Structure formats: structure tokens, C-alpha cells
Amino acid sequence: MKIFLGDKTVITEICHVGRYGSAMDGCVSHYTPCSTSCELIYNVSGILRTEYLDKIGVTYPGDLRFLPLTQKKGKYIVKRIEKGSCFDIYFNMTGGFPNEMVILKAPERERIELLYEKMYSVWKAKNIGYYEQTMSLFYEVIKIIKKSSESSYVQSGKYEIIRPAVEYMRMNYSAPDFDYSLLPALCGVSYSYFGRLFSTCMRMSPREYITKLRLESACEMLLTGRMTVKDVAHAAGFDDECYFSRIFSTHIGKSPREYMHQNKPTI
């Protein structure tokens, strides 16, 4: 499963970078699911069993564990099956992400581990320019993860079938009357097969993908502070401002106006 779902991942804030370890096997920690940021944890050593909301997973050395920003109430329990250590980065972003815990093997493990070590050292030292340097290193981690994820689809040959539709959607997502019936024909397959194949490759339906593209565009426009929420909604492809605000709040975790003011650049 993918961690970074968008074609353009924009990190809006890095909140903290830490390194944590367990002193003994069998330790159990209870946490509160994070409602203010996402987490991407790199497991250096040890084995962990994590219960996060309604999903359970086991993390081994060299694994990445993604935890989404969430407003849900539920369990977040970590049991150290084998003592070890990990790096953890807390961040916020636009570009789409899963709404559940995701565990995957880190691609280019040695490179990923070096990048996390460097991020932690830079963040801890807090020398001039540390934030920008941490951001740059984190983007390198994201690039490696996304490149590995995309190449797995291309190698399977499945993504190549839907590529014409994906490219068409990227070019025309802002049309309020976007015609979904054109997509299977662009790929030369039946409607039902296209739907199954698209969901397999993109981990979302065509309608969800269009919504994702529109929200990414809306986030960019809101950050400029030069357009009203109504104008942003229409420019992104939403013909109803109220619907746009409701969808935006559901996916981004705050209203368009809150997003615009909280992320407004200072001069």
C-alpha cells in the first residue's frame, strides 16, 4: 500500500524529529492517536507489535510505519517484542495519505537510515538553517519511497494500461462536469475492468482521484492568500462552495479558511 498518494506531496510543517529506544523486551506503551500531525517512523532495530485504531501490524528492522493525522478515538498500543530503536518524524502535508496505519519495507534501506540519522542530528543541533535542511532531507526520503512505489506498478504493466486516463485526469480534473465515461475508452478497456484496474494501481477510485487532484490544487491556491474560498472552489472544479468546504474539512482536517490563515506565509 502507498504512503504518499498524491502526485505532488507538499510538506507544510515538520513538527519534530526524535529518536526513541526500548530498554527491555515485553514493554507495552499506550498512546493517544495523534490528531495534529502524521508520523513516519523508521525502525532501526527490534520488533514491535502495533495496534492502531482498528489495525494491527508488526514492524521489523528496516521497516517504515506510517500513522495518519486522525480525529478518531481508539487504541494506539505498542508492544516491544524485541528491544530496539527507531527514528520518528512528525509532520503535516498536502497531497493525500492513507487514513490508516501502513507498514512497509523501506526501499534503499541503507540510504533511508542515513537520511533519518542526518535529519535527527540536524534537528537536534538546531544550527542556523536546520529547519530547511531537515525539510530537504525529508523530501529525499519521500522521493525514494514514491519512486519505489511507482516503479512497482510500472513493472507490473498494469499502470501502463491506465496511464492515458491518469494523464487525461491530471489535465482536466478542474472541469466541474468532468466526464468519467471517457476514461475506459481512452485505455481501450471495459468500464468494469477499468474501475478494478484503476483501484488496484492507484489505491482509490477514479472519483476519489479527481477529488484528490482538486483538493491538492485548492491547497496551493489557498496558500497564496490571493483568492476567496468561493473562487478557489470554482477554480479547483467544485461548483458548490458548501460542498467544497465540507469535503476539504473531511480530507484536510480543517476548513478552507482555517487552512488559508494558519498556513499563510509571513512577510
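Going along each chain's sequence as written, the residues are numbered from 1 onward. The model is predicted, so local features are restricted to residues of pLDDT at least 70 and side-chain atom pairs to those at 80 or more, both for listing and for counting; the totals for chains, interfaces and linings are taken over all residues. To obtain the side-chain values, all non-hydrogen atoms of the structure were used and water was disregarded.

**Here we look at helix H8 (residues 241-252)**
Working step 1: Comment: elements are numbered from the N terminus, with helices defined as DSSP H or I runs of at least four residues and strands as E runs of at least two. For a helix, the expected span equals 1.5 Å multiplied by the number of residues minus one. In this model H8 runs 16 Å from its N-terminal to its C-terminal C-alpha over 12 residues, within 8% of the 16 Å that 1.5 Å per residue would give.
Working step 2: When a residue's accessible area, from a 1.4 Å probe over protein chains only, is under 20% of the maximum for its type it is buried; when over 50% it is exposed; and in between it is partly exposed. Every buried residue belonging to H8 is among Phe244, Ser245, Ile247 and Phe248, and all of these are buried.
Working step 3: In what follows, residue pairs with any heavy atoms lying within 4.5 Å of each other are defined as contacts. Those residues of H8 that are buried are in contact with helix H6 (206-224), helix H7 (229-236) and helix H9 (256-262).
Working step 4: Here H8 starts with a cap whose side-chain oxygen sits 3.0 Å from the backbone nitrogen of Cys242, and that cap is Asp240.
Working step 5: Remark: Gly253 follows H8 within two positions and exhibits a positive phi of approximately 95°. Pairs of N or O atoms within 3.5 Å make up the polar contacts considered here, provided that, within protein, one atom can donate a hydrogen while the other can accept it, and that residues adjacent in sequence are counted only when both atoms are side-chain atoms.

**A look at the sheet that holds strand S6 (residues 63-67)**
Working step 1: Strand order in the open sheet made by the 5 strands is S1-S8-S3-S6-S9, with antiparallel pairing throughout. Either end of the sheet is taken by a strand with one partner, and the two such strands are strand S1 (10-21) and strand S9 (102-105). Within the sheet, the average angular offset between the axes of one strand and its neighbour, ignoring direction, is 20°.
Working step 2: Across the face of the sheet, helix H1 (residues 109-125) comes into contact with S1, strand S3 (38-43), S6 and strand S8 (85-94) while running at roughly 95° to S1. By the convention used here, strands pair only if DSSP detects at least 2 bridges between them. For every element, the axis is a line fit to its C-alpha atoms; helices are fit only across the contacting stretch, and the angle between N-to-C directions ranges from 0 to 180 degrees.

**Remarks on the sheet that holds strand S4 (residues 47-52)**
Note on sheets: strands pair through backbone hydrogen bonds, and any given pair is parallel or antiparallel.
Working step 1: Ordered in space as S2-S7-S4-S5, the 4 strands form an open sheet in which the pairing is antiparallel. At either end of the open sheet lies a strand with only one pairing partner, and these are strand S2 (28-30) and strand S5 (55-59). When strand polarity is set aside, the average angle formed by the axes of neighbouring strands in this sheet is 15°.
Working step 2: Here S4 pairs with strand S7 (residues 76-82) via 6 bridges, running antiparallel. Within S7, the position partnered with Ile47 by the bridge is Glu82.

**A closer look at the packing of H7 against H8**
Working step 1: Where H7 contacts H8, the two axes come as close as 9 Å, and the packing angle between them is 85°. What the angle tells us is that H7 and H8 run roughly perpendicular. Contacts between H7 and H8 involve Val229, Lys230, Val232 and Ala233 from the first element and Glu241, Phe244 and Ser245 from the second.
Working step 2: In this classification, Asp, Glu, Lys and Arg are treated as charged, Ala, Val, Leu, Ile, Met, Phe, Trp, Tyr, Cys and Pro as nonpolar, and every other residue, Gly included, as polar. Among the residues forming the contact of H7 with H8, the class breakdown is 4 nonpolar, 1 polar and 2 charged. Between 65 and 115 degrees an angle is taken as roughly perpendicular, under 35 as roughly parallel, over 145 as roughly antiparallel, and anywhere else as oblique.

**Quick look at the nonpolar core**
Working step 1: Residues Leu40, Leu64, Ile89, Phe91, Tyr116, Phe138 and Val141 are the most contacted members of the largest nonpolar core, which totals 31 residues.
Working step 2: Within the residue set of this core, elements represented by two or more residues are S1, S3, S6, S8, S9, H1 and helix H2 (130-156).
Working step 3: Looking at this core, the element that brings in the most residues is H2, giving 7 residues. The nonpolar core is taken to be a set of buried Ala, Val, Leu, Ile, Met, Phe, Trp, Tyr and Cys residues, with the residues joined through side-chain atoms within 4.5 Å.

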